[in-house]
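What follows is each chain in one-letter form.
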Amino acid sequence: MTHRIAVVTGAAGGLGTAMCKALVNQGRKVVGTHLPGTEFTAEAEQWQTDLREQGIDVAIYPLDVTDFAGCQAFVNTVEQDLGPIDILVNNAGITNDAPLKKMQPEQWNQVINVNLNSMFNMCRQVFEGMCERGFGRIVNVSSLNGEKGQFGQSNYAATKAGIYGFTKSIALEGARKGVTANSVSPGYIDTPMVRKVPEKVLTSIVDGIPVGRLGQPEDIARAVAYLTADDAGFVTGTNMSVNGGQYMS
């Protein structure tokens, strides 16, 4: 396996952690990102320590994915410290839900900036270098709700649906340069955030999943590992739905 530099944004969450582990096990040098700020830095350092105790070494850097110049500085720093970035997993994302009749412009813009503008902010920094070197793997994390919509999530669903068009377009631009771009759309995954849902609601969610269970973070990480593999060069411009059959597009 080739020793390549892989970046995972939003690394410290349940999905991000599983992705980092999978990429390390794939033989990559993995860089995770966390929000800037003293509190977030302390949490990220503890996260890094916990992983190292499991034999998983992940570098961690602060990054605001909504800041184009900040993303540029981050990429420059990583490439100076470790080498060129050949794998990018855009995983950072948020929700800020409300029915459309109650949604405020601030809610809309915040989710657009974090979930969709970040795709441009990060891909723009690494795409040219990937093309010049003749190798690159980009995976953009979308969502089940980007495929089917969700009540109270017009902002979130819009960003996750927008990822598909963005991903397909850059896939066309990179195809003859050895650079692939794909998306992964998780369904309901067994993370602390999902477990906070009231028990009755969680039961109804599971009842709507044909395989009869929540997904595990490792289910998503396996998809990411597949799409970022060195020999996955014939898979580009596609979306991989990992949702237990809940939505079949």
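Rules used in this analysis
Residues numbered from 1 in each chain as written. Predicted model: local features only at pLDDT ≥ 70, side-chain atom pairs only at ≥ 80, totals over all residues. Heavy atoms only, no water. UniProt positions renumbered as here; feature names shortened; annotations may be inferred. Buried < 20%, exposed > 50% of the residue type's maximum accessible area, 1.4 Å probe, protein only. Helix = DSSP H or I, 4+ residues; strand = E, 2+ residues; numbered from the N terminus. Contact = heavy atoms within 4.5 Å. Pairing = 2+ DSSP bridges. Axes fitted to C-alpha atoms, helices over the stretch in contact; angles between N-to-C directions.

Per an unreviewed UniProt entry, the chain is named 2,3-dihydroxy-2,3-dihydro-p-cumate dehydrogenase, and its organism is Marinobacter halophilus. Note on the chain: under the UniProt heading Sequence similarities (unreviewed entry), the record states "Belongs to the short-chain dehydrogenases/reductases (SDR) family." Recorded under Catalytic activity (unreviewed entry), the UniProt text for the chain is reproduced unchanged: "(2R,3S)-2,3-dihydroxy-2,3-dihydro-p-cumate + NAD(+) = 2,3-dihydroxy-p-cumate + NADH + H(+)".

Student: Would you take a moment to explain helix α9 (residues 217–227) for this structure?
Tutor: The α-helix winds at 3.6 residues per turn, so residues separated by three or four positions along the chain end up facing the same way. Of all 11 residues in α9, eight are buried, a share of seventy percent or more. For α9, the set of buried residues is P217, D219, I220, A221, A223, V224, A225 and L227. On its buried side, α9 packs onto α1 (14–25), β4 (85–90), β5 (136–141), β6 (179–186) and β7 (239–242).

Student: What is the right way to read the sheet that holds β5 from this model?
Tutor: As a general point, the strands of a sheet are linked pairwise by backbone hydrogen bonds and lie either parallel or antiparallel. An order of β3-β2-β1-β4-β5-β6-β7 is seen for the seven strands of this open sheet, with the pairing classed as parallel. Single-partner strands in this sheet number two, and they are β3 (58–62) and β7. The mean angle between the axes of side-by-side strands here comes to 20°, regardless of whether they run parallel or antiparallel. Relative to β7, β6 runs parallel, the two sharing four bridges. Residue pairing for β7: V184 is matched across the bridge by M240. Strands β1 (5–8), β2 (29–34), β3, β4, β5 and β6 of the sheet are contacted by α1, whose axis makes an angle of about 170° with β1. Across the sheet, α9 is in contact with β4, β5, β6 and β7; its angle to β6 comes to roughly 170°.

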